[in-house]
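Listed below, chain by chain, are the residues.
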Amino acid sequence: MENITKTAMVTIAGRPNVGKSTLVNALVGEKIAIVSSKPQTTRNRICGVVNQGDTQFIFLDTPGFHKARTRLGDYMVKVVKDSVADVEAVCLLVEPIANVGAPEQALIDRIREERLPAVLVINKIDTVEKAQLLEVMAAYSAAYDFDAIIPISAQEKDGLEELMTQLEKYAAPGPQLFPDGMTTDQPERQVAAEIVREKLLRNLDKEVPHGTAIEVTKFSERDSGIIDLDVTIYCEKASHKGIIIGKNGATLKKISSHAREDIERFMGAKVYMQTWVKVKENWRDNLNYIRSFGYDEQ
């Protein structure tokens, strides 16, 4: 048992595809949030837990702040807004572009409204020259008086120690909220579903993966330790179902195989997984479907 006497709850906020989930995974030291090159990969708020010294850090990985086009999008934007409140600090994660965009300005306004300590974290610094980085710092310094500006590369794990040192300043005396060894508040069933969704995002093009939802209908452990999973992938159109399955089932087989490997790594156990694909038309605009897939109002 570690001697935890302080906690720091920190929201990681930013526009879609800026690297929030990659950063949380890097800080936690294992994969708890799915990652893809497509925007709006994260739909729910996910907690990553890190114990360091006498402090327990709880990082809230949020959906990318964007202009909603569906009821699911409305839900995701609300998650972000609600996450920028009742925390010790906010990390505004941005790309190294010397311009404060509309999503960043909206988040800065929210931070100002809540009067929260904020750290500007400039990600992907391995992609730019130092002169360009200084321009980014100047642009954001003019927009808001951040406590600190810390350049990082979440992908290369560069600058993370400096970030943790800064965030430790916001820790407040309090009891340990999560037990030792726990790295996320997500149930294992939810982690499995999210890993399947990540593989859909990585293996399918355009709008098809964004219109999918995953339901784990069976999650059980045999006496031998093998985990049995039954997984249903829902999509919005019959034509999408054909794309997901692929010729002779090849695409679905590839998605399932990659997902199973990651799930086995996370669970530390052998996994036997069966996967089906079903159609639920326009589920992203149906509140009952949205709630049934776990995207509840918080």
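Everything below is about the structure printed above this text.
Residues numbered from 1 in each chain as written. Predicted model: local features only at pLDDT ≥ 70, side-chain atom pairs only at ≥ 80, totals over all residues. Heavy atoms only, no water.

1. Overview of the packing of helix α7 (residues 238-245) against helix α8 (residues 250-267)
- Where α7 meets α8, the closest approach of the two axes is 5 Å, and the angle between their N-to-C directions is 65 degrees. Accordingly, the angle class assigned to the pair α7 and α8 is roughly perpendicular. Contacts between α7 and α8 pair Ile-243, Ile-244 and Ile-245 from the former with Ala-250, Thr-251, Leu-252 and Ile-255 from the latter.
- Among the residues forming the contact of α7 with α8, the class breakdown is six nonpolar, one polar and no charged. (Axes fitted to C-alpha atoms, helices over the stretch in contact; angles between N-to-C directions. Helix = DSSP H or I, 4+ residues; strand = E, 2+ residues; numbered from the N terminus. Parallel < 35°, antiparallel > 145°, perpendicular 65-115°, else oblique. Contact = heavy atoms within 4.5 Å. Nonpolar A, V, L, I, M, F, W, Y, C, P; charged D, E, K, R; others polar.)

2. Comments concerning the packing of helix α6 (residues 188-203) against α8
- Closest axis-to-axis distance for the α6/α8 pair is 9 Å, and the angle between their directions is 140 degrees. α6 and α8 meet at a crossing whose hand is right-handed. Across the interface between the two elements, Glu-188, Val-191, Ala-192, Ile-195, Val-196, Glu-198, Lys-199, Leu-200 and Asn-203 of α6 pack against Lys-254, Ile-255, His-258, Ala-259, Asp-262, Ile-263, Phe-266 and Met-267 of α8.
- Considering only residue class, the contact of α6 with α8 consists of ten nonpolar, two polar and five charged. (Left-handed = near helix turned anticlockwise from the far one by under 90°.)

3. Here we look at the environment of Thr-232
- Along the chain, Thr-232 falls in strand β9 (residues 227-235).
- Relative accessible area serves as the criterion here: at 5%, Thr-232 is assigned to the buried category.
- The spatial distance from the C-alpha of Thr-232 to the C-alpha of Trp-276 is 4.8 Å, given a sequence separation of 44 residues.
- Setting aside residues no more than four positions away along its own chain, Thr-232 makes contact with Ala-213, Ile-214, Glu-215, Thr-217, Trp-276 and Lys-278. (Buried < 20%, exposed > 50% of the residue type's maximum accessible area, 1.4 Å probe, protein only.)

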